[in-house]
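One-letter residues, chain by chain:
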Amino acid sequence: MSENAGPQASPGPQQAYLFADPAAHSLSPRMHRAAFAWAGLDGAYEARRVTADELPQAVAGLRHTGVLGANLSLPHKESVVALLDDLTPAAQSIRAVNTVVHREGRLTGDNTDAPGLAQALSDAGYPWSQGAGVVVLGAGGAARAAVYTALRGEQNVWVLNRTRARAEELAADWTAPNPEIQVRAADRHEIPWSEVGLIINASSAGLNAPDETPLAEFDFGTLRPGALVYDMVYKPAETRVMREARAAGVRAENGLGMLAHQARLAFAAWTGRDVPVEVFLSALEDGGGAA
Ligand SMILES: NC(=O)c1ccc[n+]([C@@H]2O[C@H](COP(=O)([O-])OP(=O)(O)OC[C@H]3O[C@@H](n4cnc5c(N)ncnc54)[C@H](OP(=O)(O)O)[C@@H]3O)[C@@H](O)[C@H]2O)c1
C-alpha cells in the first residue's frame, strides 16, 4: 500500500485503523464496526497491510483531524513505540503497544491486551490473589502482557518458552529493576506444578494447528485444584492444550474473551464509550482470522 501508507486528513466519519502485516484476515474491523453501530457513532475502522518500512508514514498519518487512532498487530507492537509521543504505564512496562490513541496531534501508546486478558480471566472465574503460581508459556509480546497481568494479582510467575534464553531475557526485564518480583524463567522440571493455579498459553503454538501444543505429554492433573488453563489462541476454538486440560478435568478457555475485551478497551480509549463486551463477542461469531 506504499502510495497510500498513512491515513489522509478526512472531514467525514471518525476513523480508526489496524496496521499489521498481514492484515487481510483480521477480525478487528467487524468488532469495531459493530461497536460504532451500537454506539450510534459515525465511525469507520479499516485494516491496512502496513510493512515495517511503511510504519513511520502510517503512524504519522494518525495525527490528522478525524483520526481516532489505530490498533497494532504483528509485527509492529514493539517497533511502534519509538514513533509515539508518550506511553501509558502499562505500555511502558510491557514495552509493547497494541493501541494508539490520537488527541489533538499527540499520539499515546497503550496496551489493552493486558487488561483485556485480566478481564477475560475474571470472566472465566479466575479467583485472583489466591496465592497460586502462574505459568506463562511463550516469551514474545503476548507473554509480556501475560506476565504484567499475572503480577497484578499473584506473586509467583514462571515463564516457560521453547527458547529458554528469551524467557530469561523477559524475566530479567522485570526482576532487574525490582528484585523482589518473582518472575523466573524455568524448564518444566523446575516448576512446582502442584502450586500452579493458572497456565496462560501466550505462545503461538496451536494457532491454526489443532495437534500442536507448547506442553506435550503433560499431566494436567498435577495442577493445583481448581486450576484454569487460558489459551490466548482462539483458532481452533478448542486447541490441543485446552482439549488435554479438559480431558484431565481442568477448566480451559480460549482467547476470544481477551480478543473482545482488548477491542472494547481500545474503542473506549478512542471514543469514551464503553460498549458491552457482548457486542464484540457477537461480532466474532462465525469469524475466522486474527486480531
Ligand atoms: N487472544 C488475544 O487477544 C491475543 C492477543 C495477543 C496475542 N495473541 C496470540 O498470542 C500468540 C503469541 O503472540 P506474540 O505476539 O507474543 O507472538 P511472538 O512475539 O511471535 O511470540 C511467539 C512465541 O511463541 C513461541 N512459539 C512459537 N511456535 C511455537 C511452538 N511450535 N512451540 C512452542 N512455542 C512456540 C515462540 O517461541 P520462541 O521464542 O522459541 O520462538 C515465542 O515465544 C499468538 O498466537 C497471538 O495470536 C492473542
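In this text, all values refer to a predicted model and were calculated from it rather than measured experimentally.

Some details on the confidence of the model for the protein
Atom-level detail of predicted coordinates should not be read off regions where pLDDT is low. With 94% of its residues at a pLDDT of 70 or more, the protein has an overall mean of 93. The low-confidence segment residues 1–6, where pLDDT is below 50, has 16 contacts with residues more than four positions distant or belonging to other chains.

What to know about helix α4 (residues 113–123)
Those residues of α4 that fall on the buried side of the exposure criterion are D113, A114, G116, L117, A120 and L121. Down the axis of α4, the buried side of the element spans an arc of 160 degrees, and every buried residue falls inside it. On its buried face, α4 sits against α3 (89–94), α5 (141–153), β10 (196–201), β11 (228–231) and α8 (256–271). Phi turns positive one or two residues past the end of α4, at G125, with a value near 85 degrees.

Overview of the site of the ligand
Residues in close proximity to the ligand total 24 residues, the closest being A139, A142, N161, T163 and R166. M232 is positioned with one of its backbone polar atoms (N or O) 3.0 Å from a nitrogen atom of the ligand. Note that a nitrogen atom of the ligand is positioned 3.1 Å from one of the backbone N or O atoms of G255. Contact with the protein chains hides 81% of the accessible area of the ligand, taken as 930 Å² for the molecule alone. Considering only residue class, the shell around the ligand consists of eleven nonpolar, eight polar and five charged. Taken together, domain 1 (2–111 + 257–284) and domain 2 (115–254) each give at least three residues to the shell around the ligand, which thus spans both.

Describing the pairing of strand β7 (residues 133–137)
In the case of a regular strand, side chains alternate between the two sheet surfaces. By the criterion of burial, β7 is predominantly enclosed, with five of the five residues buried. Alternating residues of β7 divide into G133, V135 and L137 and V134 and V136, and every residue in both groups is buried. Pairing analysis gives five bridges linking β7 to strand β8 (residues 156–160), with the strands arranged parallel. Residue pairing for β8: G133 is matched across the bridge by N156. In this fold, the crossover linking β7 to β8 by way of α5 has right-handed handedness. Across five bridges, β7 lies against β10 in parallel orientation. If you follow V135 over to β10, its bridge partner there is I199.

Some thoughts on the packing of aromatic side chains
By the definition in use, this model includes seven aromatic pairs. Where F36 meets F267, the ring centres are 5.0 Å apart and the plane angle is 70 degrees; that geometry is what we call edge-to-face. Of this pair, F36 sits in helix α1 (residues 28–39) while F267 is found in helix α8, placing the two residues 231 residues apart along the sequence. By relative accessible area, F36 is classed as buried at 2%. If you follow R152 out to its NZ or CZ, it ends over the ring of Y148, 4.0 Å from the centre.

Quick notes on the UniProt feature "active site" (unreviewed entry) in the protein
With numbering matched to this structure, UniProt assigns "active site" (unreviewed entry) to K77. Topologically, K77 is positioned in the loop between β3 (67–72) and β4 (86–87). Exposure remark for K77: the relative accessible area of 24% places this residue in the partly exposed category. Setting aside residues no more than four positions away along its own chain, K77 makes contact with L72, A96, V97, N98 and D113.

A few points about the sheet that holds β10
With respect to topology, six strands assemble into an open sheet ordered β9-β8-β7-β10-β11-β12, the strand pairing being parallel. The open sheet is flanked by β9 (182–185) and β12 (251–253), the only strands paired with a single partner. Strand-to-strand twist in this sheet, taken as the mean axis angle between neighbours without regard to direction, amounts to 15 degrees. Of the strand pairs in this sheet, β10 and β11 are connected by four bridges, and their pairing is parallel. Note that in β11 the partner of I200 across the bridge is Y230.

Details of the packing of α4 against α5
One can describe the packing of α4 onto α5 by two numbers: an axis separation of 8 Å at closest approach and a directional angle of 55 degrees. By the criterion of interaxial angle, the relationship of α4 to α5 is oblique. α5 is crossed by α4, and the crossing has right-handed handedness. Along the contact surface, α4 presents D113, A114, L117, A118 and L121, while α5 presents A145, A146, Y148 and T149. Considering only residue class, the contact of α4 with α5 consists of seven nonpolar, one polar and one charged.

So, how was this worked out
Residues numbered from 1 in each chain as written. Predicted model: local features only at pLDDT ≥ 70, side-chain atom pairs only at ≥ 80, totals over all residues. Heavy atoms only, no water. pLDDT = per-residue confidence, 0-100. Contact = heavy atoms within 4.5 Å. Buried < 20%, exposed > 50% of the residue type's maximum accessible area, 1.4 Å probe, protein only. Helix = DSSP H or I, 4+ residues; strand = E, 2+ residues; numbered from the N terminus. Arc of directions from axis to C-beta. Near = heavy atom within 4 Å. Polar contact = N/O pair within 3.5 Å; in protein donor to acceptor, adjacent residues only side chain to side chain. Areas by Shrake-Rupley, 256 points an atom, 1.4 Å probe, with all protein chains shown as cover. Nonpolar A, V, L, I, M, F, W, Y, C, P; charged D, E, K, R; others polar. Domains from an automatic or database assignment. Pairing = 2+ DSSP bridges. Right-handed = clockwise from strand over helix to strand, strands pointing away. Phe/Tyr/Trp six-rings, centres within 6.5 Å; stacked < 30°, edge-to-face > 60°. Lys NZ or Arg CZ within 6 Å of the ring centre and 35° of its normal. UniProt positions renumbered as here; feature names shortened; annotations may be inferred. Axes fitted to C-alpha atoms, helices over the stretch in contact; angles between N-to-C directions. Parallel < 35°, antiparallel > 145°, perpendicular 65-115°, else oblique. Left-handed = near helix turned anticlockwise from the far one by under 90°.

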